[in-house]
Amino acid sequence: MINTIYVEQALEDDARAQRILARFPDVTQVICERYGEVFNPKAQNFRLQKSHPALVLAEKFGETMLLTPAGYGIGGAHNYYFSHMMNCIYDCRYCFLQGMYRSAHYVVFVNYERFFTGMADKLEAHPGEDVWFFSGYDCDSLALEPVTGFVSELLVWLNSHPRAHIELRTKSTQVRPLLAAEPRQNVVIAFSLTPTDTAAALEHKAPPVSKRLGAMAKLASRGWQVGLRFDPILFESTYQERYRALFTEVFSSLSVQSIHSVTLGPFRMPKTFFRNVIQLYPEEPLFASPFSDRGTMISYPESRENEMIEFCVNELSRYLPASKLFSCSPESRASVTGNRGDRDVSTCPAPADD
């Protein structure tokens, strides 16, 4: 899968970088001064690179924990998000990353302690209170876990920080490190799900929905809390039948007691990202949908968006108490755009600059 690994010069002797490199003894290794030399040049084609992406090992500087927009969360009073990676190994056609980044290479920030320190600082800023941290917006939280080991180290850190609550957003079935560890009540493994046929058509390289549900069932049987993330909700002429069938499949596989929370989010993408994605995939039927210009965003017409959300809420209410159901509201998405420029995404909150 990976044929080339770029390593920042300052990390040549870093133990964690060396451990990752040892997993790929036959790949080409290239030293760079800073990951931006590889990741940021303009003359790159995301679609071509996606066929043979490189891995880039880098250091994270600057702020690591960013405040989520008002109205975003799953019940906590203090909410932050972070990304220990940039880019995803999957190739979902609706993903905002392909419209935001010039490069499809995977960047892993190997100085994990900086993220843990960032969380500790936020805990100190809210003494005596629980704080939520959300992972999985610039990447998939678990897909490269066998390579990075980030989550395994995070679980160790959480042993001494019980007020820190973590959501790990994923489509991956790489759950063995979690199954091997003691379940923690301050961790939610949240799986993104779309209807089976939709996933097969649009979520390239990602495990099928049935495999994700199997991984969730294993985690739940082990005692882990799992989350359901129906985000983005995508329109098709048969969307009601498809989502109804998905909800039936999900709740046939999982007990309500094992589910921590369920979130819904409509498809939205900044205009600039959307234009970039259209250029990459002009033949993609998804983008022939009746989208609407909503200020800085491209999304479904408001009436259609409201109709889809209302339908899903009504269907999910057959299975769940209202206390477990959350929605990423248009207002919270708009606040991202206002606070960080044209950076709102289909799975809010927005990614951060390094």
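Each value, and the rule that gives it
Residues numbered from 1 in each chain as written. Predicted model: local features only at pLDDT ≥ 70, side-chain atom pairs only at ≥ 80, totals over all residues. Heavy atoms only, no water. Pairing = 2+ DSSP bridges. Helix = DSSP H or I, 4+ residues; strand = E, 2+ residues; numbered from the N terminus. Contact = heavy atoms within 4.5 Å. Axes fitted to C-alpha atoms, helices over the stretch in contact; angles between N-to-C directions. Buried < 20%, exposed > 50% of the residue type's maximum accessible area, 1.4 Å probe, protein only. Arc of directions from axis to C-beta. Polar contact = N/O pair within 3.5 Å; in protein donor to acceptor, adjacent residues only side chain to side chain.

Undergrad: Got a minute to help me understand the sheet that holds strand β13 (residues 225-233) in this structure?
TA: The strands making up a sheet are joined through hydrogen bonds of the backbone, oriented either antiparallel or parallel. Pairing is mixed across the open sheet formed by eight strands, whose spatial order is β4-β5-β9-β10-β11-β13-β14-β18. Edge positions in the open sheet fall to β4 (66-67) and β18 (325-327), since each of these has one partner strand only. Judged from the five bridges that link them, strand β10 (residues 164-170) and strand β11 (residues 187-192) form a sheet pairing that is parallel. Note that in β11 the partner of T170 across the bridge is F191. Along the sheet, helix α10 (residues 209-222) contacts β11 and β13; its crossing angle with β11, the most-contacted strand, is approximately 165°. Against the sheet, helix α11 (residues 239-253) makes contact with β13 and β14 (259-266), and its axis sits at roughly 170° relative to β13, the strand it touches most.

Undergrad: Help me understand helix α1 (residues 15-22) in this model?
TA: Every α-helical turn comprises 3.6 residues, leaving residues that sit three or four positions apart pointing alike. Burial in α1 covers these residues: R16, A17, I20 and L21. What you see down the axis of α1 is that its buried residues fit within an arc of 140°, all on one side. Across from the buried face of α1, at angles greater than 90 degrees, the exposed residues are A15 and A22. The inward-facing, buried residues of α1 contact β1 (4-8), β2 (28-32), β3 (55-58), α5 (112-125), α6 (145-148) and α7 (150-158). Among the residues of α1, the N-terminal cap falls to D14, whose side-chain oxygen and the backbone nitrogen of R16 are separated by 3.0 Å.

Undergrad: Would you take a moment to explain the sheet that holds strand β8 (residues 106-109) for this structure?
TA: The strand order β2-β1-β3-β8-β6 describes an open sheet built from five strands, whose pairing is mixed. Of all strands in the sheet, those bounded by a partner on one side alone are β2 and β6 (85-86). Across the sheet, α1 touches β1, β2 and β3, and the angle it forms with β3 is around 165°.

Just distances and angles here, no functional claims.
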